[in-house]
Amino acid sequence: MSTENKKDILRGGQFLVKETKCEDVFTPEDFNEEQKMMKDSVKEFVDREIWPKKEEFENKNYDLTEKVMRKAGELGFLGIAVPEEYDGLGMGFVSTMLVCDYISGATGSIATAFGAHTGIGTMPITLYGNEEQKKKYVPKLATGEWFGAYCLTEPGAGSDANSGKTKAVLSDDGKYYSISGQKMWISNAGFANVFIVFARIEDDKNITGFIVENDKENGISFGEEEKKLGIHSSSTRQVFFNETKVPVENMLSERGNGFKIAMNALNVGRIKLAAACLDAQRRVTDSAVKYANDRVQFKTSIANFGAIKYKLAEMATSAYAGESASYRAAKNVEDRIAIRQAEGSSHAEAELKGVEEYAIECSILKVACSEDIQNCSDEGIQVYGGMGFSADTPMESAWRDARISRIYEGTNEINRMLAVGMLVKKAMKGHVDLLGPAQAVADELTGIPSFDKPDYSELFAEEKEMVANLKKVFLMVAGSAVQKFGPDLEEHQQLLLAASDILIEVYMAESTILRTEKNAKRNGEDSQKEQIAMSKLYLYNAVDIVTQKAKESIVSFATGDEQRMMLMGLKRFTKYQNMPNVVALRNTIAEKLTSENEYCF
Ligand SMILES: Cc1cc2nc3c(=O)[nH]c(=O)nc-3n(C[C@H](O)[C@H](O)[C@H](O)COP(=O)(O)OP(=O)(O)OC[C@H]3O[C@@H](n4cnc5c(N)ncnc54)[C@H](O)[C@@H]3O)c2cc1C
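Below is a short write-up of the structure. (Residues numbered from 1 in each chain as written. Predicted model: local features only at pLDDT ≥ 70, side-chain atom pairs only at ≥ 80, totals over all residues. Heavy atoms only, no water.)

1. Points about the overall build of the protein
Along the backbone of the protein there are 19 helices and 10 strands. Across its three principal directions, the C-alpha atoms of the protein cover 80 × 60 × 45 Å. Looking at the protein as a whole, 58% of its 601 residues qualify as buried. In the protein, of all internal contacts separated by at least 6 residues, the share reaching a separation of at least 24 is 78%. Roughly 25500 Å² of accessible area belongs to the protein as shown, and the carbon and sulfur atoms make up 49% of that amount. Across the protein, the mean location of the 73 positive side-chain charges is 2 Å away from that of the 90 negative side-chain charges. (Helix = DSSP H or I, 4+ residues; strand = E, 2+ residues; numbered from the N terminus. Buried < 20%, exposed > 50% of the residue type's maximum accessible area, 1.4 Å probe, protein only. Contact = heavy atoms within 4.5 Å. Areas by Shrake-Rupley, 256 points an atom, 1.4 Å probe, with all protein chains shown as cover. Lys, Arg positive; Asp, Glu negative; His and termini not counted. Charge placed at Lys NZ, Arg CZ, Asp CG, Glu CD.)

Put into structure tokens, the structure is as follows:
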């Protein structure tokens, strides 16, 4: 795609008001040769170094995590996103997502160690560091010679990250800051060589970022390893700073810029966390399919039972949807970075702005994929029955490990509210025109519905119309809520959460359908029989969720005629002309899985 064409790519959040053609989305089937090779080598690494040692990871073998991370560094996996001039591989955003995806599937312990090191541990320096800082720290971090950790959270400052009490006091000679404070829940703390630490200077409104080397002679000490529900071999400790001296040249960016750094690091962290949930879903589904085929009850393989087919089909569908949406967004980010670079921005600036543009999608993906892996592993346990509850099978740890993804990188509640909040802000700044489309929906509601019989002969014609209608539901509900409450809308969290669920379903359903449509166009519909079924099944479920969330909102904030009109609109916008046979869809998907005896999409 030329830079000129790339300018037409959707801006962040615009998916809601613009139609996307299937040719314009990137799909996992579009990986180039280099990406396919990278995927294979990461998979081979995981199958050799991580998957066979699952039990050790469950037994709190922190040294093993460090060892595996060092090997990952030797193979270049820790430097994928780092520019070549700092000893990284300098690969594009899609490739960085891909490595994160495939390295994270076997255990949450490595997923977390990898994410904390390459993401929030390294990236703030690559993106905000000055040349000297980058030269000094990034090559060591990119190669795994050193490890990084990110110290933002404190006992009194979690979701309210800017409220930290850690202090940074400038010395009389102006040469160093003295940092004192308590950080908690710090991933990789047990083996990190360098910490990104956020602290407040004097009574500044915003915190400031610092690069702090680990040196126990310099007032740095640690709490015991936290006893956790999951990710048992991910090191998580409190870190105490007691008058830790940090040279002034180790301030990251400028004074008071720490909150911005922290939030931007989280944008990247969120989309990467979504990727980190994907291979876990594939592996869980894969194990469930194999077990279902093997396990015999009532003289038949349990894979033949409708109840099990239901689960396998839903598990595979959510994994497929997660992949579709994550790689779609990843390519948007990559293209936006390329546009910025072509316009003269530095790599760091381009990457920051490129990801920030899609902050809404990053939050959507973080929430959707973290909840999907949770549901998927829960159903995985159920497929295994009693054996699923046993620590001897991979389901038990997958379920426990999945739980953290809904909490870190901003809880799912915070991310849900952020997604809608950012969209409203973008509309106010004129970056996404919500007002025009919302008005059009309002006009449609008061107008006479068309009784023309639409032509649904083309693949997904009805489904795409349905997605367009779900977008109208969002505009109808969120539009009138904004009108009613104005800036006070942020006080109405339950409405924001419901609106966010609609937004999430729209993005996930649309991405899934577009991926399948693209592949059907190039390989023929016959080659996509099960993917078509998954796309239809995802949409069917999405319509249900949207209906429920929209109804809940409408009856809570609208009354009288307005309520009646919106409920009628909701009925109109969520009505299928031809209902899909949902059981048949699930059976098609499940039968493919069980005949291939693996997650085969
Ligand atoms: C295993 C693990 C590893 C971690 N790794 C790191 C790390 O490496 N570095 C780091 O800095 N931090 C790390 N964290 C911290 C993590 O980011 C925080 O736990 C998370 O941001 C939530 O903060 P909190 O725990 O203080 O919860 P709280 O902020 O107290 O939230 C409690 C509940 O209240 C809700 N809530 C809070 N505020 C609002 C609001 N305004 N509106 C509605 N609901 C709200 C939350 O969604 C949540 O459900 C880690 C945590 C864990 C458990």
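2. With respect to helix H14 (residues 435-446)
End to end, H14 covers 17 Å across 12 residues, agreeing with the expected 16 Å (1.5 Å per residue, within 8%). Taken residue by residue, H14 has Ala-438, Val-441 and Leu-445 as its buried positions. End-on, the buried residues of H14 take up no more than an arc of 55°, which puts them together on one face. Projecting away from the buried face of H14 at angles above 90 degrees are the exposed residues Leu-435 and Thr-446. (Expected span 1.5 Å × (residues − 1). Arc of directions from axis to C-beta.)

3. So, the packing of helix H6 (residues 108-128) against helix H8 (residues 258-294)
Where H6 meets H8, the axes come as close as 10 Å, and the angle between the chain directions of the two elements is 115°. The interaxial crossing formed by H6 with H8 has right-handed handedness. Counted together, Ile-120, Met-123, Pro-124 and Tyr-128 of H6 and Lys-260, Ile-261, Asn-264, Ala-265 and Val-268 of H8 form the full contact between these two elements. For the contact of H6 with H8, the per-class residue count stands at 7 nonpolar, 1 polar and 1 charged. (Axes fitted to C-alpha atoms, helices over the stretch in contact; angles between N-to-C directions. Left-handed = near helix turned anticlockwise from the far one by under 90°. Nonpolar A, V, L, I, M, F, W, Y, C, P; charged D, E, K, R; others polar.)

4. Some words on the site of the ligand
Around the ligand sit 18 residues, and of these Thr-153, Ser-159, Trp-185, Thr-411 and Glu-413 come closest. Backbone polar atom of Leu-152 to an oxygen atom of the ligand: 2.9 Å apart, as the coordinates give it. Contact between the ligand and Trp-185: a nitrogen atom at 2.7 Å from a main-chain N or O atom of the residue. Summarising the interface, the protein chains cover 67% of the accessible area of the ligand, which totals 970 Å² for the free molecule. Mapped onto the shell around the ligand, the elements with two or more residues apiece are strand S3 (176-187) and helix H13 (412-428). Tallied by class, residues from the shell around the ligand come to 10 nonpolar, 6 polar and 2 charged. (Near = heavy atom within 4 Å. Polar contact = N/O pair within 3.5 Å; in protein donor to acceptor, adjacent residues only side chain to side chain.)

5. Some thoughts on the environment of Cys-22
Its place among the elements puts Cys-22 in the loop between helix H1 (3-6) and helix H2 (33-49). Along the chain, Cys-22 and Glu-517 lie 495 residues apart, while their C-alpha atoms are 6.3 Å from each other. Once you skip the residues sitting within four places of it in the chain, Cys-22 turns out to touch Leu-514, Glu-517, Lys-518 and Lys-521.

6. Here we look at the side chain of Thr-107
Within the element layout of this structure, Thr-107 appears in the loop between helix H5 (93-103) and H6. Exposure remark for Thr-107: the relative accessible area of 2% places this residue in the buried category. Reaching out from Thr-107, the side chain makes a polar contact with the backbone nitrogen of Ser-109 at a distance of 3.0 Å. Apart from the residues within four sequence positions on either side, Thr-107 is in contact with Ile-50, Lys-54, Phe-57, Glu-58 and Asp-401.

7. Remarks on the environment of Tyr-62
Relative to the assigned elements, Tyr-62 resides in helix H4 (residues 62-74). The sequence separation of Tyr-62 and Asn-188 amounts to 126 residues, and the corresponding C-alpha distance is 9.4 Å. Not counting the four nearest positions on each side in its chain, Tyr-62 is found in contact with Glu-225, Glu-226, His-232, Ser-233, Ser-234 and Ser-235.

8. Points about unusual backbone geometry
Despite not being glycine, Lys-60 shows a phi value in the positive range, around 55°. If you trace the backbone, Lys-60 turns up in the loop between helix H3 (54-58) and H4. Taking relative accessible area as the criterion, Lys-60 reaches 37% and is therefore assigned partly exposed. Phi angles above zero are rare outside glycine, and Glu-409 is one such case at about 60°. Mapped onto the elements of the fold, Glu-409 is located in the loop between helix H12 (394-402) and H13. Take Glu-409: its relative accessible area is 13%, and that puts it in the buried class.

9. Concerning the environment of Arg-400
Mapped onto the secondary structure, Arg-400 falls in helix H12. Arg-400 gets classed as buried once you look at its relative accessible area, which sits at 11%. Separated by 110 residues in sequence, Arg-400 and Glu-510 place their C-alpha atoms 30 Å apart. Those residues in contact with Arg-400, other than ones at most four positions away along the chain, are Glu-58, Leu-229, Gly-230 and His-232. Of the polar contacts made by the side chain of Arg-400, one reaches the side chain of Glu-58; its length is 3.0 Å.

10. Concerning the pairing of strand S5 (residues 208-213)
For S5, the buried fraction is high: 5 of the 6 residues fall into the buried class. Linkage of strand S4 (residues 194-201) to S5, two consecutive antiparallel strands, is achieved through a turn of 6 residues, within which Glu-202 is found at a positive phi near 45°. Sheet topology note: the S5/strand S8 (residues 251-252) ladder contains 2 bridges and is antiparallel. Bridge pairing in S8 links Gly-209 to Leu-252. (Pairing = 2+ DSSP bridges.)

11. Things to note about the pattern of salt bridges
As enumerated under the stated definition, the model contains 42 salt bridges in all. A salt bridge links Arg-255 to Glu-202, with the shortest nitrogen-to-oxygen separation between them at 3.0 Å. Taken together, the positions of Arg-255 in the loop between S8 and H8 and Glu-202 in the loop between S4 and S5 put the pair 53 residues apart, joining distant regions of the chain. For Arg-255, a relative accessible area of 39% corresponds to the partly exposed category. For the salt bridge of Glu-517 with Lys-464, the shortest nitrogen-to-oxygen distance reads 2.8 Å. With a gap of 53 residues between them, Glu-517 in helix H16 (residues 493-523) and Lys-464 in helix H15 (residues 461-485) connect regions that are remote in the sequence. The exposure class of Glu-517 is buried, given its relative accessible area of 5%. Because the salt bridges share partners, they merge into one network encompassing Glu-29, Asp-47, Asp-101, Asp-279, Arg-282, Arg-283, Glu-323 and Arg-515. (Salt bridge = Lys/Arg side-chain N within 4 Å of Asp/Glu carboxyl O.)

Read these as geometric descriptors, not functional statements.
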